[in-house]
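What follows is each chain in one-letter form.
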Amino acid sequence: MAKNNNTDDRPVLCDIKKGYALVTLNRPERLNAFNSDMHHELRNILTEVDNNDGIRAVLITGAGRGFCAGQDLRDIDPTVCQHDLSEPIIEFYNPLIMQLKNIKKPKIAAINGVVAGAGIGLALACDMAVSANNAKFAMAFGKIGLVPDSGLTWFLVRLVGVTKAKALMLSNAVLTAEEAKDYGFVWHLCEPEELMSYAESLTKSLAFRARLATQLTIDAFEKAQNNTLIEQLNIEAMFQREAGYSTDFKEGIVAFLEKRPPVFHK
Ligand code: LHQ
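Being a predicted model, the structure only gives us computed values, none of them experimental. (Residues numbered from 1 in each chain as written. Predicted model: local features only at pLDDT ≥ 70, side-chain atom pairs only at ≥ 80, totals over all residues. Heavy atoms only, no water.)

(A) Up close: helix 2 (residues 86–102). Its axis deflected by about 30° at Tyr93, helix 2 carries its strongest bend there, up to four residues before the proline Pro95. Taken residue by residue, helix 2 has Phe92, Tyr93, Leu96, Ile97, Gln99, Leu100 and Lys101 as its buried positions. Where helix 2 is buried, its residues touch helix 1 (36–51), strand 3 (57–62), strand 5 (107–111), helix 3 (118–125), helix 4 (152–160) and helix 8 (211–224). (Bend = angle between axes of the 7 residues up to and from the residue. Helix = DSSP H or I, 4+ residues; strand = E, 2+ residues; numbered from the N terminus. Buried < 20%, exposed > 50% of the residue type's maximum accessible area, 1.4 Å probe, protein only. Contact = heavy atoms within 4.5 Å.)

Written out as structure tokens, the structure is:
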């Protein structure tokens, strides 16, 4: 089971709730910036969450006043002239983004405060993000002489188009939550004190959608990002055939006819 036991000092906490996992990045003194321990812990937790059929959705948030400030810059020795930064990217960041993308369960980011650099990549690798209305979204990379990573060039081109994506990064933009919502980084904004109850009830509702239809919907949208229209029309037909064979579809129809909410498979 992925749940941590009495481990408030661990870099990532995992609380198994009814049908979903609440995963909390837990280095609040560094605004939950990534070091290698946090990477390892998060990857292990995500693996267990993915393998556990009882967990049908994942909610990721941060402890304290930040969601995630990207790479822990204090872990990098500035007296060393040359750093091969492809190493941490290939060892940690790229596998993390791909692991998240490959989990075919709803993944929701609850952005509780400031988010920067690779932290934004982490949020965009989720299927939905909700945010406190006082959060800030700092592109950050250009400010320290780096290029966007953690999939941000890929995510942003698809989210806002290439022109705005370049402008966001080249201007080292720091977006308000309202601006981030307008750009589509975020689905919904909440008062800070209401964020977690909103995010948890959203996650629970996603956890108890029809399981197969949910997996296939996420997968269809992932595939759509690289497919032609005809390829995608074929995917939709294939996935709809699969969903149509499911008992959840039968229950959906019966529930509609009986004018009651559907009760999908556990
Ligand atoms: C931090 C950090 C942080 C350590 C705040 N590290 N301590 C991948 C692979 C390899 C290499 C490089 O990069 C990557 C991917 C990346 O993510 S690159 C981008 C890395 N992140 C940044 O450049 C963001 C740096 N942080 C900031 O710009 C600001 O702290 C933000 C805008 C996030 C928040 O600003 P404030 O709300 O004003 O908070 P603060 O700056 O006062 O930070 C609070 C504390 O957190 C502070 O510590 P202190 O002991 O002074 O209270 C910061 O030093 C610490 N902190 N981010 N990334």
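So, next bit.
(B) Spatial organisation of the site of the ligand. If you check the shell around the ligand, you find 24 residues, and the closest are Arg65, Ala69, Gln71, Leu73 and Arg74. At 2.8 Å, a backbone N or O of Leu73 approaches a nitrogen atom of the ligand. Secondary structure elements with two or more residues in the shell around the ligand: helix 2 and strand 6 (114–116). Considering each element in turn, the shell around the ligand owes the most residues, 3 residues, to helix 2. Grouping the constituent residues of the shell around the ligand by class yields 15 nonpolar, 3 polar and 6 charged. (Near = heavy atom within 4 Å. Polar contact = N/O pair within 3.5 Å; in protein donor to acceptor, adjacent residues only side chain to side chain. Nonpolar A, V, L, I, M, F, W, Y, C, P; charged D, E, K, R; others polar.)

(C) A look at the nonpolar core. In this structure, Val23, Leu42, Phe67, Ile111, Phe137, Met139 and Phe185 are the most contacted members of the largest nonpolar core, which totals 52 residues. The biggest single contributor to this core is helix 3, with 6 residues. Those residues in contact with Met139 that lie beyond four places of it in its chain are Gly117, Ile120, Leu168, Met169, Asn172, Ala173, Leu175 and Phe185. (Core = buried A, V, L, I, M, F, W, Y, C linked by side-chain atoms within 4.5 Å.)

Coordinates in, geometry out; function isn't part of it.
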